[in-house]
Structure formats: C-alpha cells, structure tokens
Amino acid sequence: MDKFIKASAIRAIRTVCQTAVAVIGTAFVLEDVNWWMVISASILAGILSVLTSIATGLPEAEYEQHIYMSHDEPDDAEVEDDE
C-alpha cells in the first residue's frame, strides 16, 4: 500500500504542475495570468489524478509489486560453487 500511495502522490504532483504550466501558458503575458484559475484548475487536476489512480490502479506500483512477488530465490543445490 505504501508503494501505491507514493506512486499516486508523485503522479498527482506531476499532474498539478503540468496543469499549472498549461493554464499559465494560455495567457499572453504574465500580468494576464488569472492565478486563482491556475490554482483551482491545478488542485482539481490533482484530485482527479488521485481518484483515477484509485479507480484504475497504477501500472508503476503494480509492476514493482509484481517484480518483488515473482522473484524466485535459487535453491542451495542450484547455486554453483566457485571453489
């Protein structure tokens, strides 16, 4: 569960930043930026990102879990001796 929370937080932060850049980029000059719209759109995008992660899962969290769960340790008989 910790991996899922970390991965969804990273994804939400990226989404918030991408949304902020996109909304800021729509203004012709920096003085025309509607900062309240940037903040509200970015927060909404972050919330939607977390909800989407909960609903659909995160491939990066599932991939790491699959790697750790399917890793087979060799038996002692299978390990070659270098002696």
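Novice: Could you clarify how one ought to interpret the overall build of the protein in this entry?
Specialist: When helices and strands are counted, the protein shows three helices and zero strands. Reading the helices (α) and strands (β) of the protein from amino to carboxyl end gives α-α-α. Evaluated residue by residue, the protein yields a buried proportion of 19% over its 83 residues. Long-range contacts, defined here as pairs at least 24 residues apart, represent 68% of the contacts in the protein between residues at least 6 apart. By element, 62% of the accessible surface of the protein is carried by carbon and sulfur atoms, the whole surface being about 7000 Å².

Novice: What is the right way to read helix α1 (residues 2-25) from this model?
Specialist: Because each turn of an α-helix spans 3.6 residues, side chains separated by three or four positions in sequence point in the same direction. Over its 24 residues, α1 runs 35 Å from end to end, which matches the ideal 34 Å to within 8%, given 1.5 Å per residue. Every buried residue of α1 is accounted for by A7, S8, A12, T19, A20 and V23.

Novice: For this particular structure, what's the right way to read the packing of α1 against helix α2 (residues 35-56)?
Specialist: Geometrically, a packed helix pair is captured by the angle between its two axes and the distance between the axes. In the contact formed by α1 and α2, the axes pass within 8 Å of each other and the chain directions differ by 150°. Viewed along their axes, α1 and α2 adopt a mutual orientation that is roughly antiparallel. Both α1 and α2 take part in a crossing whose hand is right-handed. Residues F4, S8, R11, A12, T15, V16, T19, A20, V23 and I24 of α1 pack against W35, M37, V38, A41, S42, A45, G46, S49, V50, S53 and I54 of α2. Of the residues belonging to the contact of α1 with α2, the class tally is 13 nonpolar, seven polar and one charged.

Novice: How do you make sense of the confidence of the model for the protein when you look at a structure like this?
Specialist: Low pLDDT marks stretches whose predicted atomic positions should not be read closely. Summarising the model, the protein shows a mean pLDDT of 79, and 72% of its residues fall at 70 or more. Predicted confidence in the protein is weakest over helix α3 (residues 59-70), with a mean pLDDT of 57, and strongest over α2, with 93.

Novice: So what exactly am I meant to see when it comes to a nonpolar patch on the surface here?
Specialist: Together, L30, W35, W36, I39, I43, L44, I47, L48, V50, L51 and I54 make up an exposed nonpolar region whose accessible area comes to about 1200 Å². As for its placement among the helices and strands, I39 is situated in helix α2.

Novice: Just checking my understanding: could you explain the environment of V23 for this structure?
Specialist: Turning to its location among the elements, V23 is positioned in helix α1. What makes V23 buried here is its relative accessible area of 16%. Between the C-alpha atom of V23 and that of M37, which follows or precedes it by 14 residues, the distance is 7.9 Å. Discounting residues that sit within four places of it in the chain, V23 has contacts with M37, V38 and A41.

Novice: How should the environment of V21 be read in this particular structure?
Specialist: The topology assignment puts V21 in helix α1. V21 gets classed as exposed once you look at its relative accessible area, which sits at 58%. Taking the C-alpha atoms as reference points, V21 and S42, 21 residues apart in sequence, are found 9.2 Å from one another.

Reading the values: the criteria
Residues numbered from 1 in each chain as written. Predicted model: local features only at pLDDT ≥ 70, side-chain atom pairs only at ≥ 80, totals over all residues. Heavy atoms only, no water. Helix = DSSP H or I, 4+ residues; strand = E, 2+ residues; numbered from the N terminus. Buried < 20%, exposed > 50% of the residue type's maximum accessible area, 1.4 Å probe, protein only. Contact = heavy atoms within 4.5 Å. Areas by Shrake-Rupley, 256 points an atom, 1.4 Å probe, with all protein chains shown as cover. Expected span 1.5 Å × (residues − 1). Axes fitted to C-alpha atoms, helices over the stretch in contact; angles between N-to-C directions. Parallel < 35°, antiparallel > 145°, perpendicular 65-115°, else oblique. Left-handed = near helix turned anticlockwise from the far one by under 90°. Nonpolar A, V, L, I, M, F, W, Y, C, P; charged D, E, K, R; others polar. pLDDT = per-residue confidence, 0-100. Patch = residues over 30% accessible without salt bridge, like charges linked within 9 Å, V, L, I, M, F, W, Y side chains within 5 Å. Salt bridge = Lys/Arg side-chain N within 4 Å of Asp/Glu carboxyl O.

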